[in-house]
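Chain residues, written in single-letter form:
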Amino acid sequence: MTEQQKVHPVSDEFAANAHADKAKYQAMYQQSLDDPETFWAEQAKRLDWFRAPTKIKHTTFDSHNVDIRWFEDGSLNASVNCLDRHLDTRGDQTAIIWEGDDPGDSKHISYRELHAQTGKLANALKELGIGKGDVVTLYMPMIPEAAVAMLACARIGAIHSVVFGGFSPDAVAQRVIGADSKLVITADESVRGGKQVPLKDNVDAALSRPGTDVAKNVLVVKRTGGEVEWKEGRDVWYHDLVDKQSSDCPAEEMNAEDPLFILYTSGSTGAPKGLKHTTGGYLLHAAMTHQYVFDYQDGEVYWCTADVGWVTGHSYIVYGPLANGATTLMFEGVPSYPTHGRMGEIVDKHKVSILYTAPTAVRALMAHGDEVMASSQRDSLRVLGSVGEPINPEAWEWFHRVIGNSKCPIVDTWWQTETGGIMIAPLPGAIDLKPGSATLPFFGVMPAVVDNEGNLLEGATDGNLVMLDSWPGQARSIWGDHDRFVQTYFSTYQGMYFTGDGCRRDEDGYYWITGRVDDVLNVSGHRMGTAEIESSLVAHEAVAEAAVVGFPHDIKGQGIYIYVTLTDGVDPSDELKKELTQWVRKDIGPIASPDVIQWAPGLPKTRSGKIMRRILRKIAANECEGLGDTSTLADPSVVDELIEHRANR
Ligand code: 6R9
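Criteria and cut-off values
Residues numbered from 1 in each chain as written. Predicted model: local features only at pLDDT ≥ 70, side-chain atom pairs only at ≥ 80, totals over all residues. Heavy atoms only, no water. Helix = DSSP H or I, 4+ residues; strand = E, 2+ residues; numbered from the N terminus. Buried < 20%, exposed > 50% of the residue type's maximum accessible area, 1.4 Å probe, protein only. Contact = heavy atoms within 4.5 Å. Areas by Shrake-Rupley, 256 points an atom, 1.4 Å probe, with all protein chains shown as cover. Lys, Arg positive; Asp, Glu negative; His and termini not counted. Charge placed at Lys NZ, Arg CZ, Asp CG, Glu CD. Pairing = 2+ DSSP bridges. Axes fitted to C-alpha atoms, helices over the stretch in contact; angles between N-to-C directions. Core = buried A, V, L, I, M, F, W, Y, C linked by side-chain atoms within 4.5 Å. Arc of directions from axis to C-beta. Near = heavy atom within 4 Å. Polar contact = N/O pair within 3.5 Å; in protein donor to acceptor, adjacent residues only side chain to side chain. UniProt positions renumbered as here; feature names shortened; annotations may be inferred.

(A) How the structure looks around the overall build of the protein. Within the protein one finds 20 helices and 31 strands. Within the protein, the fraction of its 649 residues that count as buried is 60%. Considering only contacts within the protein whose residues lie at least 6 apart along the sequence, 72% involve residues at least 24 apart. Accessible area for the protein stands at about 24200 Å²; split by element, carbon and sulfur atoms hold 48% of it. Across the protein, the 60 positively charged side chains and the 90 negatively charged ones have centroids separated by 2 Å.

Take a look at the structure:
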């Protein structure tokens, strides 16, 4: 089939009722490029400001002076935009539908209730000495209190730093120290797929690490009633402190450029970095994309299956939907529990109109065949969304045909923790779909493709994806390390933001993201640095050297393939493989579990000692023909040995 035949055109009926049709998209996009000041000044009116901004855009990508400011003389509060301003018009409307891990467990929280809970927690935070500019670490299950905690921080001008509940104590410790966080909010345990995860125990372990004594208190939600250790004077039960507070908490007036949150993410080198997102531009970008990209219509139930620990949860479970007065569904569990039909059943149970999920989830369901959807009708669905990694056309078509009953457009949304919100995606009433392509840029987004020297490539081409100018939701810096921010994103190609992704642009100007071109892995849509996993492994006494690469994995997109050179005198064994697997899981978290460990008596290195990952990637992918020039290797024979014992064939 040619690419042309695979186009799914916008239906006239959909376009007629959508927030944007073709003409409107084109006109708005053009204006956003030609006259960003007027465009964004106008769009900013969708938020409620204490002081409306008059200075709209002040941004430079010059690597000597990277400086990004939007709406810099405006002031607002994110929680007011997500809560207070809806009270008159939709106070009794459901803001959050919470669906528990157990299918019998769900509840609806209205905007009025969410506002009251947020006010109470905000007052409780103040009682704990938290104020404007303080960093609060959240390490929480997918329960409404997670959203309440984010909003309560925003209310008093505290900066939240959410750590995904699947991360290890060390990861929590690292982030508490990195952000100088005074308070950790957690729960006794989380529940996923019928299993408990000891969050409070993990926090205890984290806070026993040196340097973590910056955190003075731990606020603990009782989720399961599971047993926990208690440190008097430090630990506080959430409900003991919060329930007695007044629900009335005046919102702090924040400058548009005051930080709203920090979110850590993996890069190709070094420890995870805390991206700094600010208030005005971020919220505007999240809200606007939520409305246009999902074509969210008043009254609809919208479900994003991400975890709030990732940027997708921040922007598209909490801030975007709530700023728009939407009903957002928050799911505590996993799509395979109690059965693989769960996702469809939740759609039916809550009459979900918009379902935003990840390719890995789609592929996992697809692997069970069409019958997995037999327990649900999914008639309520109108729009489907995909995020986190490239979606292969087969998975796209299955998502469309089986989950969406062949009637829902799929918006494949490309973006990053760094971008704050969606950057490249079809508006479903405006842009014809091509399975596997994220299609065209959102308003104000200026993608371009460059070669390795940074030359701009025109027309249909292949290369590295960059952005030529700023957009409101862009991260402003790396917390505490602006030089690293500049180095990481603005020094590869002068005057451009480098995404780290490769892409192809076709003859219609559509973008096809081909995946990371750096040493970042994307496993089930989760970002991980190969360097992080390697440094964990070499800390084990049996490991002399380790090299980590990704390989194509049917369900996860990418799997983790590890080459390990053992210390002299240590014998390889299956037990040792298990031990190393546990080691990495404990150190980083279960998401970093190796799929394959191969013993490597030697690693292919250049004469200057640089590991040739290109070769290791090929061997892991079972592409052993045409390994390219290996003559520059210090010892070319190690390659034959690795090929002979490769795991994937
Ligand atoms: C939102 C999010 C960012 C990386 C990004 C890219 C990959 C995300 C994608 C996609 C192809 C899509 N990615 N969406 N690749 N098509 N629709 O996932 O943020 O966790 O920071 O990951 O994910 O490689 O660079 P984050």
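That was the structure; now back to the text.
(B) Quick look at the sheet that holds strand 19 (residues 383-387). Reading across from one edge, 5-4-17-16-18-19-20 is the order of the 7 strands in this open sheet, with mixed pairing throughout. The open sheet has two edge strands with one neighbour each: strand 5 (106-110) and strand 20 (410-413). Taken over all neighbouring pairs, the strand axes of this sheet differ in orientation by 20 degrees on average, direction set aside. In terms of strand pairing, strand 19 meets strand 20 through 4 bridges, oriented parallel. Considered in strand 20, the bridge of Val 387 is made with Thr 413. Running over the sheet, helix 7 (residues 144-156) touches strand 4 (94-99), strand 5 and strand 17 (327-331) and is turned about 125 degrees from strand 17.

(C) Focus on the nonpolar core. Ranked by size, the top nonpolar core spans 162 residues in total, and within it Leu 121, Tyr 319, Phe 443 and Ile 533 carry the most contacts. Of the residues forming this core, the biggest block, 10 residues, is contributed by helix 7.

(D) Seen up close, the sheet that holds strand 11 (residues 217-221). The strand order 12-11-8-6-7-14-15-24 describes an open sheet built from 8 strands, whose pairing is mixed. Either end of the sheet is taken by a strand with one partner, and the two such strands are strand 12 (235-237) and strand 24 (477-478). Alignment of strand 11 against strand 12, held across 3 bridges, turns out to be parallel. Bridge pairing in strand 12 links Val 218 to Asp 235. Set on the sheet, helix 12 (residues 311-323) makes contact with strand 7 (159-162) and strand 14 (259-265); between it and strand 14 the angle comes to about 140 degrees.

(E) Expanded view of the pairing of strand 1 (residues 57-60). Pairing between strand 1 and strand 2 (residues 67-70): 4 bridges, direction antiparallel. Bridging across to strand 2, Thr 59 finds its partner in Ile 68.

(F) Geometry of the pairing of strand 23 (residues 461-467). Extensive coverage of strand 23 is indicated by the burial of 6 of its 7 residues. Inspection of the sheet shows strand 21 (residues 447-450) paired to strand 23 by 4 bridges, in the antiparallel sense. Residue pairing across strands places Val 449 opposite Leu 465, the latter belonging to strand 23. Strand direction decides the pairing type here: strand 23 and strand 25 (residues 497-505), joined by 6 bridges, are antiparallel.

(G) Main features of helix 19 (residues 613-620). Taken residue by residue, helix 19 has Arg 613, Ile 615, Leu 616, Ile 619 and Ala 620 as its buried positions. Angular distribution of buried residues about the axis of helix 19 spans 155 degrees; they occupy a single face of the element. Contact partners of the buried residues in helix 19: helix 17 (530-538), strand 29 (543-553), strand 30 (557-566) and helix 20 (637-644).

(H) A look at the site of the ligand. In the vicinity of the ligand, 17 residues are found, and the nearest of them are Asp 412, Thr 413, Thr 417, Asp 501 and Arg 527. The separation between a nitrogen atom of the ligand and a polar main-chain atom of Glu 389 is 3.4 Å. Those elements that provide at least two residues to the shell around the ligand are helix 12, strand 20 and strand 26 (511-516).

(I) Structural view of the UniProt feature "domain: AMP-binding enzyme C-terminal" (unreviewed entry) in the protein. Within this numbering scheme, the UniProt entry marks residues 532-610 as carrying the feature "domain: AMP-binding enzyme C-terminal" (unreviewed entry). The straight-line gap between the two end C-alpha atoms of residues 532-610 is 17 Å; of that span, 27% is helix and 32% is strand.

(J) View of the UniProt feature "binding site: ATP" (unreviewed entry) in the protein. Residues annotated by UniProt as "binding site: ATP" (unreviewed entry) correspond here to Gly 388, Glu 389, Pro 390, Asp 412, Thr 413, Trp 414, Trp 415, Gln 416, Thr 417, Asp 501, Arg 516 and Arg 527. Given the relative accessible area of 39%, Pro 390 is considered partly exposed. Those residues in contact with Pro 390 that lie beyond four places of it in its chain are Pro 359, Arg 363, Ile 513, Thr 514 and Gly 515. One can find Trp 414 in the loop between strand 20 and strand 21. Residues within four places of Trp 414 in sequence aside, it is in contact with Ile 422, Met 423, Ile 424, Ala 438, Leu 465, Met 467, Thr 499, Asp 501 and Ile 513.

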